[in-house]
Amino acid sequence: MSPQSDRKACPAPAVPRPSASIIVVNSQNEILLVHRNPKSKSFANAHVFPGGNYDEKQDGNQGLPFTAIRELFEETGLLLVHPSSSLPPDAELDTAREAIRTQKLLLRNFLSQHNLQLNVESLLPFTQWITPPGIPRRFHTQFYVAFLDETRAAGFSHGDKQERLPTPDGGQEVLAARFVRPERALAEFAARAISLFPPQFYLLTTLARILVPGERNTAEQRARVRALAFGAFGGMVINPRPLSGHDMKTAGYQVLTYEGDETRGGAPGRRHRSKVWFGPGGAAVGVELERNFDVFSEIERDVFTKPAKL
């Protein structure tokens, strides 16, 4: 077979689309999850953090923090703005949300009309994930964490403010939106009541060890999350790869390795991987994370690619 025919048989992997996602944490140490429409082209029927693709028309040169907050607003009605901002009435926010989602209104124009400024400074970088090459629809996603105690959010019920709770977008992409404790979301996944993808499982597992059950969010907990965000953890660019030589059909699961695993540049014995069980339609129905190092102090920076400026 000629080199030319080989190239035809093995098309080049799709270029990952820049995207952004926010892990929103409230004062009860609950995290905002949205339930994706089963008919969605990506992450169908899964529970994910709000987010989506960079949109050149909407986002321009504003950067991915802008993309993340716009997608959060479109999918849940939560709009993260600076604490000093004076928000318009709920009805006007609802109208703007739908107009922005359908591209009839630019978010930046809405913000300008109401003298609003998005609180992009409240977003803490929390790893980047790149979809493996063999998948047709690929994404290069920058994840962020945002604490609602440190911003103002239209659409959130908190403290002495009684505003709207997060709401789905009418079923276009999101069927439901809710705040849930990380450990409860993981338990629901273990019981196969919800579906999670490996990045969401990985990040929920990480945060569940910091956001202690039964406690309100504390300054100490936020400081620990910041330490991750601005340390080696927050800068990790993770490219999951199937473990070579592993027969998924025989084992019943797939092993995805991450940078820093002993098979991906890490020290001998270092584990940075997940076992993933897949159900009908390719959705993950089980994930087991193997990570035998301290994410605060033992990440081997040199095995990761430099964080991309998306």
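As the structure is a computational prediction, the values presented were derived from the model and not from experiment.

This part takes up the sheet that holds strand E15 (residues 272-278). Spatial strand order, E13-E14-E15-E16: four strands in an open sheet with antiparallel pairing. Each edge of the open sheet carries a strand with a single partner, namely strand E13 (241-242) and strand E16 (284-291). Across four bridges, strand E14 (residues 254-257) lies against E15 in antiparallel orientation. When the sheet's bridge partners are listed, Thr257 is paired in E15 with Arg273.

Bridge count between E13 and E14: two bridges; the pairing is antiparallel. Its bridge partner lying in E14, Pro242 is registered against Leu256.

Along helix H6 (residues 182-190), the residues that are buried comprise Pro182, Ala185, Leu186, Glu188 and Phe189. When H6 is viewed along its axis, its buried side chains cluster within an angular range of 160° and face the same direction. Exposed positions of H6 whose direction lies more than 90 degrees from the buried face are Arg184 and Ala190. Looking at the packing, one finds that the buried side of H6 touches strand E2 (31-36), strand E11 (174-180), helix H7 (198-208) and E16. Note on H6: the residue one or two positions beyond its end, Arg192, has a positive phi of about 60°.

Position of Gln142 among the secondary structure elements: in strand E7 (residues 139-147). A distance of 3.3 Å separates a polar atom in the side chain of Gln142 from the backbone oxygen of Thr127. Engagement of the side chain of Gln142 in a polar contact is seen with the side chain of Gln128, the distance being 3.0 Å.

With that out of the way, let us pick up the nonpolar core. The biggest cluster of nonpolar side chains holds 43 residues, and the ones touching the most others in it are Ile23, Phe126, Tyr202, Leu203 and Phe233. Secondary structure elements with two or more residues in this core: strand E1 (17-25), E2, strand E6 (124-130), E7, H6, H7, helix H8 (219-229) and E16. The element best represented in this core is H7, accounting for six residues. The contact partners of Ile23, leaving out residues within four places of it in the chain, are Ile31, Phe49, Phe126, Tyr144, Val145, Ala146, Leu203 and Leu207. Val34, Ala46, Ile69 and Tyr144 belong to the second-largest nonpolar core, a separate cluster that totals 35 residues.

With that out of the way, let us pick up the pattern of salt bridges. Applying the stated criterion across every chain yields a total of 11 salt bridges. Between Asp261 and Arg273 there is a salt bridge, and its shortest N-O distance comes to 2.9 Å. Of the two residues, Asp261 is situated in the loop between E14 and E15 and Arg273 in strand E15; the sequence distance between them amounts to 12 residues. Each member of the pair Asp261 and Arg273 is classed as buried. Three or more residues joined by partner-sharing salt bridges are found here, namely Asp59, Arg70, Glu71 and Glu74.

So, about the packing of aromatic side chains. Counting across every chain of the model gives eight aromatic pairs. Pairing Trp129 with Tyr258 gives two aromatic rings, centres 5.3 Å apart and planes at 80°, and the pair type is edge-to-face. Residue Trp129 is located in strand E6, and its partner Tyr258 is located in the loop between E14 and E15; the two are separated by 129 residues in the primary sequence. Grouping residues by exposure puts Trp129 and Tyr258 together as buried. Ring-pair connections join several aromatic residues into one group, and the members of that group are Phe126, Trp129, Tyr202, Phe233 and Tyr258.

Moving on, we come to the confidence of the model for the protein. Averaged over all residues, the pLDDT of the protein equals 87, while 86% of them reach at least 70. Of the regions scoring below 50 in pLDDT, residues 157-164 engages in 20 contacts with residues more than four places distant in sequence or in other chains.

Moving on to the packing of H6 against H7. As a packed pair, H6 and H7 sit with axes 8 Å apart at the nearest point and diverge in direction by 135°. By the angle class used here, H6 and H7 are oblique. Remark: the crossing between H6 and H7 carries left-handed chirality. In this structure, H6 uses Pro182, Glu183, Ala185, Leu186 and Phe189 to contact H7, whose residues at the interface are Phe201, Leu204, Thr205 and Ala208.

With that settled, consider the packing of helix H3 (residues 64-76) against helix H4 (residues 90-101). The interhelical angle for the contact between H3 and H4, taken along N-to-C directions, is 115°, at an axis separation of 9 Å. On the basis of the axis angle, H3 is roughly perpendicular to H4. Of the two possible hands of crossing, H3 and H4 adopt the one that is left-handed. Across the interface between the two elements, Arg70, Phe73, Glu74, Glu75 and Thr76 of H3 pack against Leu93, Ala96, Arg97, Ile100 and Arg101 of H4. When its residues are assigned to classes, the contact of H3 with H4 shows four nonpolar, one polar and five charged.

The rules behind these values
Residues numbered from 1 in each chain as written. Predicted model: local features only at pLDDT ≥ 70, side-chain atom pairs only at ≥ 80, totals over all residues. Heavy atoms only, no water. Pairing = 2+ DSSP bridges. Helix = DSSP H or I, 4+ residues; strand = E, 2+ residues; numbered from the N terminus. Buried < 20%, exposed > 50% of the residue type's maximum accessible area, 1.4 Å probe, protein only. Arc of directions from axis to C-beta. Contact = heavy atoms within 4.5 Å. Polar contact = N/O pair within 3.5 Å; in protein donor to acceptor, adjacent residues only side chain to side chain. Core = buried A, V, L, I, M, F, W, Y, C linked by side-chain atoms within 4.5 Å. Salt bridge = Lys/Arg side-chain N within 4 Å of Asp/Glu carboxyl O. Phe/Tyr/Trp six-rings, centres within 6.5 Å; stacked < 30°, edge-to-face > 60°. pLDDT = per-residue confidence, 0-100. Axes fitted to C-alpha atoms, helices over the stretch in contact; angles between N-to-C directions. Parallel < 35°, antiparallel > 145°, perpendicular 65-115°, else oblique. Left-handed = near helix turned anticlockwise from the far one by under 90°. Nonpolar A, V, L, I, M, F, W, Y, C, P; charged D, E, K, R; others polar.

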